[in-house]
Amino acid sequence: AQKVTQAQTEISVVEKEDVTLDCVYETRDTTYYLFWYKQPPSGELVFLIRRNSFDEQNEISGRYSWNFQKSTSSFNFTITASQVVDSAVYFCALKGSNYQLIWGAGTKLIIKP
Amino acid sequence: NAGVTQTPKFQVLKTGQSMTLQCAQDMNHNSMYWYRQDPGMGLRLIYYSASEGTTDKGEVPNGYNVSRLNKREFSLRLESAAPSQTSVYFCASSYNYGTSGTDTQYFGPGTRLTVL
């Protein structure tokens, strides 16, 4: 069975702090894909990143970075120098051989000014 | 380019009523999806359409039906609404199904449905 666990239900930090959102996944597939989406208070879901299981290189996009470690089945997301606009619910998702996205429960990130 | 649009944005139904949620995309995507989102949970797939002319059940299809009207439009119907169907419904689309590299799903703004 496939599963995505986001153990942090809610995180609250002060603006400009760095924050890491954890994502741990379970799958028996050797080929799979991992995603992060952002859901701001307005409610829409915004795609952030897609990563395949053969590419363990870390990725950086501005203040956002992702650390993929197959050895620990984790795909963590770090926001550097957080801003109030980063406040949102962040979802991690997994796609394996059945082609369906399996979603974590989400982490609510609160950035205080 | 509007992306994925959904109507209505909000709806209140009484138990037993029926309704159809509409979804349209203008990105020339082949695949479309319907999800529901409940508090404290991730999204769960209700139905999907890998390509025009096909539809398949997802994780939680009971109580729902879908129609892929054409390449652009994918509707979700509740025939006899129940309080357990109170949720936020999201439509999504992707260029392809599977894991081709063009399978990233893009989402509509959601429909907040309350069944009394």
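Throughout what follows, the structure given in this document is the object of discussion.

Reading guide: rules and limits
- Residues numbered from 1 in each chain as written.
- Chains lettered and ligands numbered in written order.
- Predicted model: local features only at pLDDT ≥ 70, side-chain atom pairs only at ≥ 80, totals over all residues.
- Heavy atoms only, no water.
- Helix = DSSP H or I, 4+ residues; strand = E, 2+ residues; numbered from the N terminus.
- Rg over C-alpha atoms; globule rule 2.2 N^0.38 Å.
- Buried < 20%, exposed > 50% of the residue type's maximum accessible area, 1.4 Å probe, protein only.
- Contact = heavy atoms within 4.5 Å.
- Areas by Shrake-Rupley, 256 points an atom, 1.4 Å probe, with all protein chains shown as cover.
- Lys, Arg positive; Asp, Glu negative; His and termini not counted.
- Charge placed at Lys NZ, Arg CZ, Asp CG, Glu CD.
- Pairing = 2+ DSSP bridges.
- Axes fitted to C-alpha atoms, helices over the stretch in contact; angles between N-to-C directions.
- Core = buried A, V, L, I, M, F, W, Y, C linked by side-chain atoms within 4.5 Å.

### Points about the overall build of chain A
Here's step 1: Broken down by element type, chain A carries zero helices and twelve strands.
Here's step 2: Listing every helix and strand of chain A by position from the N terminus yields β-β-β-β-β-β-β-β-β-β-β-β.
Here's step 3: Rg of the C-alpha trace for chain A: 14 Å, near the compact-globule value of 13 Å for 113 residues, within the 12% margin.
Here's step 4: Projected onto its principal axes, the C-alpha coordinates of chain A cover approximately 40 × 25 × 20 Å.
Here's step 5: Here chain A, with 113 residues, has 45% of them falling under the buried criterion.
Here's step 6: Long-range pairs, those at least 24 residues apart, make up 55% of the contacts in chain A with a sequence separation of at least 6.
Here's step 7: Carbon and sulfur atoms make up 49% of the accessible area of chain A, which amounts to about 5,500 Å² in all.
Here's step 8: One finds the centroid of the 11 positive side-chain charges in chain A at a distance of 4 Å from the centroid of its 12 negative side-chain charges.

### Things to note about unusual backbone geometry
Here's step 1: A cis amide bond links Thr7(B) to the next residue, Pro8(B), at an omega of -5°.
Here's step 2: Considering the arrangement of structural elements, one finds Pro8(B) in the loop between β1 (4-7) and β2 (10-13).
Here's step 3: Despite not being glycine, Ser73(A) shows a phi value in the positive range, around 50°.
Here's step 4: Take Ser73(A): it is sitting in the loop between β8 (64-69) and β9 (74-79).
Here's step 5: Under the relative-accessibility criterion, Ser73(A) is labelled partly exposed at 24%.

### Some points on the side chain of Thr107(A)
Here's step 1: Along the polypeptide, Thr107(A) turns up in strand β12 (residues 107-112).
Here's step 2: Every residue in contact with Thr107(A), bar those within four places of it in the chain, is listed here: Gln6(A), Gln8(A), Thr9(A), Ile11(A), Leu21(A), Ala88(A), Val89(A) and Tyr90(A).

### Structural notes on the pairing of strand β11 (residues 111-115) of chain B
Residues and elements named next belong to chain B.
Here's step 1: Only one face of β11 is covered, namely the face carrying Thr 111, Leu 113 and Val 115; the face carrying Arg 112 and Thr 114 is uncovered.
Here's step 2: In this sheet, β11 lies alongside β2 in parallel orientation, the contact comprising four bridges. Bridging from a neighbouring strand, Leu 13 pairs with Val 115 of β11.
Here's step 3: Direction of pairing for strand β9 (residues 87-94) relative to β11: antiparallel, over a ladder of three bridges. Looking at β11, one finds that Ser 87 is bridged to Leu 113.

### Side note on the sheet that holds strand β3 (residues 19-25) of chain B
Within a beta sheet, neighbouring strands are joined by backbone hydrogen bonds and run either parallel or antiparallel to one another.
Residue and element names in this part refer to chain B.
Here's step 1: Taken in spatial order, the four strands of this open sheet run β1-β3-β8-β7, and their pairing is antiparallel. Where the open sheet ends on each side, the last strands, each with one partner, are β1 and β7 (64-68). Averaged over all pairs of adjacent strands, the angle between their axes in this sheet comes to 20°, without regard to strand direction.
Here's step 2: One ladder, built from three bridges, connects β3 with strand β8 (residues 74-78); its direction is antiparallel. Bridged to Thr 20 within β8 is Arg 77.

### Side note on the nonpolar core
Here's step 1: Of all hydrophobic cores here, the largest spans 23 residues; its most connected members are Trp36(A), Phe77(A) and Tyr90(A).
Here's step 2: Looking at this core, the elements that each hand over two or more residues are β2 (10-14), β3 (19-21), β5 (33-39), β8, β9, β10 (88-95) and β12 of chain A.
Here's step 3: Of all the elements, β10(A) adds the most residues to this core, at four residues.
Here's step 4: With sequence-adjacent residues up to four places away left out, Tyr90(A) is seen in contact with Gln6(A), Leu21(A), Trp36(A), Tyr37(A), Lys38(A), Leu48(A), Tyr64(A), Phe77(A), Ile79(A), Gly106(A), Thr107(A) and Leu109(A).
Here's step 5: The next biggest cluster of nonpolar side chains, apart from the first, holds 20 residues, and it includes Ile46(B), Val60(B), Val66(B) and Tyr89(B).

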